[in-house]
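What the coordinates show
Here is how the chains run, residue by residue.
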Amino acid sequence: MVKLYEGGAYLVHGEELIVDSAEALAAVESKTGVKTTKEEASKGTMAYGILQNHNTSGNMENLKIRFDKLTSHDITFVGILQTARASGLEKFPVPYVLTNCHNSLCAVGGTINEDDHVFGLSCAKKYGGIYVPPHQAVIHQFAREMLAAGGGMILGSDSHTRYGALGTMAVGEGGPEIVKQLLEQTYDIPMPEVVAIHLTGKPEKGVGPQDIALAIIGAVFKNGYVNNKVMEFVGKGIDNLSVDYRIGIDVMTTETTCLSSIWRTDDSVKEFYEIHGRGGDYKELQPAEVAYYDGVVEVDLSAVKPMIAMPFHPSNVYTIEEVNSNLEDILRDVEKKALVSLDNNDIDFKLTDKIRDGKLYVEQGVIAGCAGGGYENICDAADILRGKTIGSDEFSLSIYPASQPIFMELVKNGRIADLMATGATVRTAFCGPCFGAGDVPSNKGLSIRHSTRNFPNREGSKVTNGQIASVALMDARSIAATAANKGYLTAATDFDVTYTKPKYYFDKSIYDNRVFNGVGKADPSVEIKFGPNIVDWPEIQPLTDDILLKVVSMIHDPVTTTDELIPSGETSSYRSNPLGLAEFTLSRKDPAYVGKAKEVQKIEKARIAGADMYAEDEQLKSIYDTIRDKFEAVPENTEVGSVIFAVKPGDGSAREQAASCQRVLGGMANIAREYATKRYRSNLINWGMLPFVFDGELVFDKDDYLFIKDMKKAIETKNDCIKAYIVNKGMQEIELHLGNLTEDEREIILKGCLINYNKKN
């Protein structure tokens, strides 16, 4: 089904793979007549060509990328625009789209969600942007329909920014990276490795794009095979996939922790652009006659079966067939794994109680968002369900078309009527089911969803309040099959269905009538409209020579998601208020965190004000006495902050708030074994936080103080090895590392954050 190569390989003629070995180059020359080197063949990937065209550094080993277009949604754009405004923004230098698909149905906080939308529209007018009102389209569908272009690059402040199937390299990053582009700065990364995703065969009828995606995620996530690399889709199997199908696989590449994705393009992609009235944006993309890849994921599409990703991660995959065949054993195994994620002995999490008459019963099905809400997914689901009913028991089914044009065409061709006749409900374009703000199941409920993630808490759980529910990821077709069986887990391949595949007609007039397009028409006279919840970032101090860190949280889970660092769901309404949102930091993982962080922050505030620091912590005087036994240290000139330890933090969402909420509470650093994603580490750096890596024996614990002498000097002199001392353990020495930092990143940390850096510049 999915095979990983141990090393790299050469792709010749766009199809045949030659495993890297001492004889490989001779074999390449024999088959192609091309004499090359590994270094030269590495330039033959599609990714290399696109990155080269967008690189401004003149050095392909260290890239400085300028993107063609930018995208954000209403959880992220307020903070981005506030940061950019504080940094001197005058107008948007490239098309920047502000979509409203995350906070459009969150009912928390009174008027504050719509206030964010009004703010966004006024900024689009003032700075020359595009504003997509609520319910028109989810961020990624609008980008597919209106922004993607062959050979282009798009940066979005959402982790699922992926348009590779359309020939666009897209990257999901934290808000500060969008700010840099708005200020005409660059996205700085080392040249990423490129891994070939070599597709062969043709999917079995009933197997959908989510099934293929989950099979790939299951094979590559845990071993980090594509971590921070570009996934390049090649092979004859692509010819057997519609563009909608390719898009459905592509959007899920985020869950592999790759940096970006790109696919070879063909006449089917050309037709997609023509259908959307943008034929001129198509570009044929193919690897060179000889291309070298740093790794290969071989996928036999014909061998993939309907899949299910059980709670609580998209990589926790099984075939539906094996779940149904070994139901009790697998559910008990999932329950056992869940204890690590939940880390709460008061929660009685069970899935075995879903077994009814030897079958798995689920309470809810959802087909939604950038992954599930596509036209072809919904049409196929309607074909499976036509003439059937979902029943009147607990099971419910809701469907969210990804855009109004898709919704309109589904109305015109009758598929919406077919679905509604079954008892399913159809909603407008909204991302809520993906992050826990829509269709929240009941306590102990199990939901199957064609959406992007099933992390703990994304479905609305509040484990500290005794509430738990869970999500399993599945393809729309198998969700429809399960709905046809009234909630009993069923693979779509169990149904003999004729898929009608109605042609898609795109009606752009919906956007013409509602979307504000101010590109190239910035109007400085427009006054920005602020709601009472839209609050400026608090002032952040520059880095001092020495620093004192107090460990306020220790997270020992194998992976910590951004949702655990700052919960999604109803908290989304407070995303425009840095201090208000910060109150939720780690609330579902370590409820004591906020209080402990604030206690440390009081010390730092007293230091800045020249007040009595020792009054804020009875230990502090003895801590400094111990430090001065070894070093000359001036407490008044030593920044004090909090730090958290996590084994592998930052999997999942690109939301900068996972870092900024720690920062506004006085957080100065994270210590990790490794960082799950490049984007989370970047968020830390852009908020002036030190991204320490520690690989020694874990000898420090919660409430310990760590002192670092000459921290500022270490940044300035590019010293990766940092000596820290556990003060309350006799100044026990440990070694921390910072890893590679660009010159700009060093300056950002020294200045305290990106806002300060840009004020200086």
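Look up a bit, the structure's there.
Summary of the structure given here. All residue numbers here refer to positions counted from 1 along the written sequence of the relevant chain. Given that the model is predicted, a residue must reach a pLDDT of at least 70 before its local features are reported, and side-chain atom pairs must reach 80 or more before they are shown or counted; all residues, however, enter totals for whole chains, interfaces and linings. In computing side-chain values, all of the structure's heavy atoms are included and hydrogens and water are not.

Under the scheme used here, helices are H or I runs from DSSP no shorter than 4 residues and strands are E runs no shorter than 2 residues, and both carry numbers assigned from the N terminus. Secondary structure assignment for the protein yields 28 helices and 34 strands. Against the globule reference of 27 Å for 761 residues, the protein gives a C-alpha radius of gyration of 26 Å, in line with a compact fold. The principal-axis extent of the C-alpha atoms belonging to the protein is close to 80 × 65 × 60 Å. Between buried and exposed lies partly exposed: a residue is buried under 20% and exposed over 50% of the maximum accessible area for its type, with that area taken using a 1.4 Å probe on protein chains only. For the protein, the residues scored as buried account for 64% of the 761 residues in total. Any two residues whose heavy atoms approach within 4.5 Å are treated as being in contact. When contacts within the protein are restricted to residue pairs at least 6 apart in sequence, long-range pairs at least 24 apart make up 76% of them. Under the convention used here, a 1.4 Å probe and the Shrake-Rupley method define accessible areas, while residue burial counts only the protein chains that appear. Carbon and sulfur atoms make up 46% of the accessible area of the protein, which totals about 26400 Å². When the 81 positive and 105 negative side-chain charges of the protein are each reduced to one mean point, those points stand 2 Å apart. Within these notes, the globule rule equals 2.2 Å times the number of residues to the 0.38 power, and the radius of gyration is based on C-alpha atoms. In this tally Asp and Glu are treated as negative and Lys and Arg as positive; neither His nor the chain ends contributes. By convention, charge coordinates are those of NZ in Lys, CZ in Arg, CG in Asp, or CD in Glu.

Another point: helix 8 (residues 209–220). In this model helix 8 runs 17 Å from its N-terminal to its C-terminal C-alpha over twelve residues, within 8% of the 16 Å that 1.5 Å per residue would give. With ten of its twelve residues buried, helix 8 lies for the most part within the structure. Along helix 8, the positions that sit buried rather than exposed are Pro209, Gln210, Asp211, Ile212, Ala213, Leu214, Ala215, Ile216, Ile217 and Val220. Each residue after the first adds 1.5 Å to the expected span of a helix.

Attention now moves to the packing of helix 14 (residues 375–385) against helix 15 (residues 404–412). Relative orientation of the contacting elements helix 14 and helix 15 amounts to 30°, with a least axis distance of 10 Å. Taken together, the axes of helix 14 and helix 15 are roughly parallel relative to one another. Where helix 14 crosses over helix 15, the handedness of that crossing is right-handed. Judged by residue contacts, Tyr375, Ile378 and Cys379 of helix 14 engage Ile406, Glu409 and Leu410 from helix 15. Polarity classes work like this: nonpolar for Ala, Val, Leu, Ile, Met, Phe, Trp, Tyr, Cys and Pro, charged for Asp, Glu, Lys and Arg, and polar for all others, with Gly in that last group. In terms of residue class, the contact of helix 14 with helix 15 is built from five nonpolar, no polar and one charged. For helices, the fitted axis covers only the stretch in contact; all axes are lines through C-alpha atoms, and the angles between them, taken along N-to-C directions, range from 0 to 180 degrees. Should an angle fall under 35 degrees it is taken as roughly parallel, and over 145 as roughly antiparallel, whereas 65 to 115 is taken as roughly perpendicular and any remaining angle as oblique. In a left-handed crossing the near helix is turned counterclockwise from the far helix by less than a right angle, and in a right-handed crossing that turn is clockwise.

Time to look at the pattern of salt bridges. Salt bridges are counted wherever a side-chain nitrogen of Lys or Arg sits within 4 Å of a carboxyl oxygen of Asp or Glu. Under the defined criterion, the tally for this structure stands at 42 salt bridges. A salt bridge links Glu40 to Lys43, with the nearest nitrogen and oxygen atoms 3.6 Å apart. On the basis of relative accessible area, Lys43 is assigned to the partly exposed category, the value being 38%. Among the ionic contacts, a cluster of salt bridges with common partners joins Glu376, Asp380, Asp475, Arg477 and Lys501.

Relative to the helices and strands, His13 resides in the loop between strand 2 (9–12) and strand 3 (16–19). Taking the C-alpha atoms as reference points, His13 and Ala288, separated by 275 residues in sequence, lie 7.5 Å from one another. Excluding residues that lie within four positions of it along the chain, His13 makes contacts with Lys31, Thr32 and Glu289.

As a further point, take the sheet that holds strand 11 (residues 194–200). Two strands pair if DSSP finds at least two bridges between them. Within the open sheet, the five strands sit side by side as 1-15-11-12-13. Their pairing is mixed. The sheet is open, and its two borders are formed by strand 1 (2–4) and strand 13 (260–263), each paired with just one other strand. The average angle at which neighbouring strand axes cross in this sheet is 20°, direction not considered. Across five bridges, the pairing between strand 11 and strand 12 (residues 230–234) is parallel. Within strand 12, the residue paired with Val195 across the bridge is Met231. In this fold helix 3 (residues 46–54) packs onto strand 11, strand 12 and strand 13, with an angle of close to 130° to the strand it touches most, strand 12. With respect to the sheet, helix 8 is in contact with strand 1, strand 11, strand 12 and strand 15 (295–300), its orientation differing from that of strand 1 by roughly 30°.

Moving on, we get to a negative patch on the surface. A contiguous patch of negative charge, built from Asp695, Asp720, Glu733 and Glu735, is present on the exposed surface. Considering the arrangement of structural elements, one finds Glu735 in strand 34 (residues 732–737). The patch calculation keeps residues exceeding 30% relative accessible area without a salt bridge and links them within 9 Å when they carry like charges or within 5 Å when they are nonpolar (Val, Leu, Ile, Met, Phe, Trp, Tyr).

On to the nonpolar core, then. Side-chain atoms within 4.5 Å link the members of a nonpolar core, which is a set of buried Ala, Val, Leu, Ile, Met, Phe, Trp, Tyr and Cys residues. Of all hydrophobic cores here, the largest spans 179 residues; its most connected members are Tyr96 and Phe142. Those residues within four positions of Phe142 in sequence are excluded, and the remaining contacts are Val97, Ile130, Val132, Ala137, Leu147, Tyr511 and Val515. One finds Leu586, Ala606, Met613 and Ile627 within the second-largest nonpolar core, a separate group that totals 44 residues.

For the pair helix 4 (residues 77–86) and helix 5 (residues 112–127), the least separation of the axes is 10 Å and the interaxial angle reads 45°. By the criterion of interaxial angle, the relationship of helix 4 to helix 5 is oblique. Note that helix 4 runs across helix 5; the crossing there is left-handed. Side by side, helix 4 and helix 5 meet where Phe77, Val78, Leu81, Gln82 and Arg85 of the first sit next to Asp116, Phe119, Gly120, Cys123 and Tyr127 of the second. A per-class count over the contact of helix 4 with helix 5 returns six nonpolar, two polar and two charged.

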